[in-house]
Amino acid sequence: MKLVGIAGSVADKSYNRLLLKYIAREFKDVVDLDVLDINDVPLFNQSDDQTDSPAVQAISNKILAADGVIIATPEHNHTITASLKSLIEWLSFNIHPMSGKPVMIVGASYYDQGSSRAQLNLRQILESPGVDAIVMPGNEFLLANVKTVFDENDNLKDDRTVSFLKETLGKFTKFVKVINKMNEKEDPGWQSEDLESHGKVETTVEGVDMHAADWVEKAAEKTNAAEGDDYVKLDRGLLTVNQLNYFLNSMPIELTYADANNQFIYYNHFLEAKDMLAARTPGQAGNPMADCHPKRAIPHVQQVIHMLRTGQTDMFRLPVPGMGPDKYVMHYYKAMHDAKGEYKGINELVLDIMPIVQYYLKHTGQMLVKDPDADTDAVSGASTNTKPEKTDAVSGASADTEPEKPAEPEKPDEVSGASANS
Amino acid sequence: MHKFVAIVGTNSDNSTNRKLLQFMQKHFADQATIELVEIKGLPMFNKPEDKQIPAQAQAMAKQIDQADGVIISTPEYDHSAPAALMNALEWLSYYVNPFADKPVMITGASYGSLGTSRAQEHLRQILDSPELRARIMPSSEFFLGHSLQAFDDDGNLVDQTKLAKLEGLFADFQTFVDITKQLNHANAANKQEIHDIDWANR
């Protein structure tokens, strides 16, 4: 479970940050807690919108990507610090990353009160409509007399405090699951995947016929696309369009980009269709995905796309046999996301892994033998949570038969150790 | 004639709370001197080790110290007082004590209908804290809702009922200031206790 921790103090020495760091360390098996810094967040001013400042954006993006948030608050003047309030104001002004986010409040203080009033106040603030967070009820964790409760390694000394914190954190992880379940959008089901690409996404080029063989040329003209020696700024580097093509066309992998609107918009065109592991022709670029698959395969394609779009799996693996005994062709379907975690389409990677296997066997002096206990379902990858009833037709290749058995390896060289040749 | 400091509870360029205080300054000019004070420009409170507060905060502390009372007009952000106002009050409680036993009147203006009811509650709680120890006028609330429509072109309050309420509360505040002057027996102790707060370990 991914959580972010926010310590409501900008002071260098903060027991609240110490407490969060301790939680991150001590309970790393329970939660993956990333403790954020709020030092660079400017004081909120509605006349000087700094929502787009790197400090605010970085925190917002981390919160959006996290399952939940833990806030540790000091108490100044019976309330939370201005620095924490200021951050919350930025996160409730033009952006609302806390909306629906499960939050746990903890607090450390020098006095007996242990930030009790600040915590109540923070609850009220977080539940205001602009912030709209969902704070875990009850389970107050008030750490008083902070000067004496940590040992020299910054660990909490008192066992009862540690076990109470563990119990509270355990409840919070359940709370996070329940709230995030509640936040889930109603899943419209895989049938909702429109392979005719009737919808549109931000990048959809409108007014150009998707089915046309010269879609690329027409769409490029319409968007005034960069080409040739035009520079493109990338994460991380700067290439010209020509350089990008040299680079992508020299990958020993067939790459295909299908966008979030299920439109096939790119493949690295370094082979003719007849020489490809998964045939594509230049005229297909721009087609809705329905154009590139036989009718009988459509439901399976829909299921795979839907799993990737909804995050049921991040990558779907599919062996596609039928290319002869000397090849083992894998299709990998990897979901693509932007920095905010929004689905941006599929990266399909097709390659023959047999040369890799052969290389490995040869150079480590090993050979393949049949596993008598093997599960014969070699079709779907181990990483998928759910799989369509029948995955074998996804790529549209004629994959109704069992995958071919891998060829017997050549006799290994005389080398024996795993690293002998390198 | 009493001398009051009026704190604009926001750093925003456009504020109906500022407008309200400007109106009070003008409307009550024959009853009291009201100086408006801005909180814009104060850096984020960060507990500096040298215990020094910025020059702007020092000047504010001095003004408050010399005033008979303070009026604070607050907007409401996220059901509470704005960070900018909280920030100013943090500076004004950091090894300085201008609010100790100081009479305070709270007002608030908002675009919506509630007129900062929750922010005022929050501000009361802050001013009552051991770091500030202000004397907030009890049982009095002035909420100016729909504040964008509340003033005419000359900056005068349009609603006569609201105006009567404000005049009444201001008269009460003048009396409250006089009464509160007698509630000062623990003033020296209060100031010392504020000064002795250990901010470094909070």
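Residues numbered from 1 in each chain as written. Chains lettered and ligands numbered in written order. Predicted model: local features only at pLDDT ≥ 70, side-chain atom pairs only at ≥ 80, totals over all residues. Heavy atoms only, no water.

The name given to chain B in an unreviewed UniProt entry is NADPH-dependent FMN reductase, and the organism recorded there is Lactiplantibacillus dongliensis.

Taking an unreviewed UniProt entry as the reference, chain A is identified by name as NAD(P)H-dependent oxidoreductase belonging to Lactiplantibacillus dongliensis.

## Let's talk about the overall build of chain B
Of the regular secondary structure elements, chain B holds six helices and six strands. Reading chain B from its N terminus to its C terminus gives the helix and strand order β-α-β-α-β-α-β-α-β-β-α-α. Taking 17 Å as the expected radius of gyration for a compact globule of 202 residues, we find that chain B reaches 16 Å, a close match to that expectation. Within chain B, residue pairs in contact and separated by at least 24 positions form 80% of the contacts whose partners lie at least 6 positions apart. Mean positive and mean negative side-chain charge positions of chain B (18 and 26 charges, respectively) differ by 2 Å. (Helix = DSSP H or I, 4+ residues; strand = E, 2+ residues; numbered from the N terminus. Rg over C-alpha atoms; globule rule 2.2 N^0.38 Å. Contact = heavy atoms within 4.5 Å. Lys, Arg positive; Asp, Glu negative; His and termini not counted. Charge placed at Lys NZ, Arg CZ, Asp CG, Glu CD.)

## Brief notes about the environment of A:I265
Residues and elements named next belong to chain A. You can see I265 is positioned in strand β10 (residues 264-267). Between the C-alpha atom of I265 and that of T204, which follows or precedes it by 61 residues, the distance is 9.6 Å. Apart from residues lying up to four places away in sequence, I265 is in contact with W215, Y257, D259 and G286.

## Overview of the UniProt feature "domain: NADPH-dependent FMN reductase-like" (unreviewed entry) in chain B
With numbering matched to this structure, UniProt assigns "domain: NADPH-dependent FMN reductase-like" (unreviewed entry) to residues 3-147 of chain B. Between the C-alpha atoms that bound residues 3-147 of chain B the distance is 26 Å, and the span itself is 30% helix and 21% strand. (UniProt positions renumbered as here; feature names shortened; annotations may be inferred.)

## Examining the packing of aromatic side chains
Aromatic ring pairs: the centre-centre distance and the angle between the two ring planes describe each pair. Enumeration according to the criterion identifies 16 aromatic pairs over all chains in this entry. The interplanar angle of 15° and the centroid separation of 6.0 Å between the aromatic rings of A:F141 and A:F164 together place this pair among those described as stacked. Of this pair, A:F141 sits in strand β6 (residues 141-143) while A:F164 sits in helix α6 (residues 159-183), placing them 23 residues apart in sequence. Considering the side-chain rings of B:F28 and B:F170, the 4.0 Å spacing of their centres and the 5° angle between planes classify their relative orientation as stacked. One end of the pair, B:F28, is in the loop between α1 (16-27) and β2 (32-38); the other, B:F170, is in helix α5 (residues 160-180), with 142 residues separating them in the sequence. The burial state of B:F28 is the same as that of B:F170; both residues are buried. Taken together, the ring pairs in this structure connect B:F4, B:F28, B:F170, B:F173 and B:F176 into an aromatic cluster. The ring of B:F142 has B:K162 lying over it, and the distance from NZ or CZ to the ring centre is 5.7 Å. (Phe/Tyr/Trp six-rings, centres within 6.5 Å; stacked < 30°, edge-to-face > 60°. Buried < 20%, exposed > 50% of the residue type's maximum accessible area, 1.4 Å probe, protein only. Lys NZ or Arg CZ within 6 Å of the ring centre and 35° of its normal.)

## Examining the layout of surface pockets
Residue and element names in this part refer to chain A. The space that makes up the second largest pocket amounts to roughly 1400 Å³. Along its surface, the second largest pocket is lined by 31 residues, and N183, E184, K185, T310 and G341 are the ones closest to its centre. Elements that contribute at least two residues to the lining of the second largest pocket include exactly α2 (54-65), α6 and α9 (298-309). The dominant element in the lining of the second largest pocket, judged by the number of residues it contributes, is α6, at five residues. Taken together, domain 1 (2-183) and domain 2 (199-364) each give at least three residues to the lining of the second largest pocket, which thus spans both. (1 Å grid on protein atoms, 1.4 Å probe; cavity = no way out; pocket = protein on both sides within 12 Å on 5 of 7 lines; lining within 4 Å. Points joined across faces, edges and corners; volume = space filled by probe spheres on them. Domains from an automatic or database assignment.)

## Examining the nonpolar core
A:M98, A:L126, B:I7, B:F99 and B:L127 are the most contacted members of the largest nonpolar core, which totals 71 residues. With seven residues, helix α3 (residues 83-91) of chain B is the largest single contributor of residues to this core. Contact partners of B:F99, with chain neighbours within four places excluded, come to B:I7, B:I64, B:V70, B:I72, B:L89, B:L92, B:V104, B:L127, B:L132, B:R133 and B:A134. In this structure, A:Y15, A:A24, A:V31 and A:V149 belong to the second largest nonpolar core, which totals 31 residues. (Core = buried A, V, L, I, M, F, W, Y, C linked by side-chain atoms within 4.5 Å.)

## Focus: α3(B)
For α3(B), the tally of buried residues reaches nine of nine residues, placing the bulk of the element in the interior. Residues B:A83, B:A84, B:L85, B:M86, B:N87, B:A88, B:L89, B:E90 and B:W91 constitute the buried set of α3(B). For α3(B), the secondary structure elements touched by its buried residues are α3 (82-90) of chain A together with β1 (2-8), α2 (55-66), β3 (69-74) and α4 (117-127) of chain B.

## Re helix α10 (residues 354-364) of chain A
All names here are of chain A. Where α10 is concerned, the buried positions are M354, L361 and T364. Each buried residue of α10 lies within a common arc of 120° when the element is viewed along its axis, so the set occupies one face. Facing away from the buried side of α10, by more than 90 degrees, are the exposed residues I356 and Y359. Summarising the contacts, the buried residues of α10 are in contact with β13 (343-352). (Arc of directions from axis to C-beta.)

## Quick notes on the interface of chain B and chain A
Taken residue by residue, the interface counts 38 residues in chain B and 37 residues in chain A. Approximately 3100 Å² of surface area, both sides summed, lies buried where chain B meets chain A, with 51% of it carried by carbon and sulfur atoms. Scanning the region where chain B abuts chain A turns up zero salt bridges. Our count for the chain B to chain A interface comes out at 20 residue pairs in polar contact (both at pLDDT 80 or more). Taken together, the elements giving at least two residues each to the side of chain B that touches chain A come down to α3 and α4 of chain B. For the side of chain B that touches chain A, the per-class residue count stands at 16 nonpolar, twelve polar and ten charged. (Buried area = accessible area lost by both parts, 1.4 Å probe. Salt bridge = Lys/Arg side-chain N within 4 Å of Asp/Glu carboxyl O. Polar contact = N/O pair within 3.5 Å; in protein donor to acceptor, adjacent residues only side chain to side chain. Nonpolar A, V, L, I, M, F, W, Y, C, P; charged D, E, K, R; others polar.)

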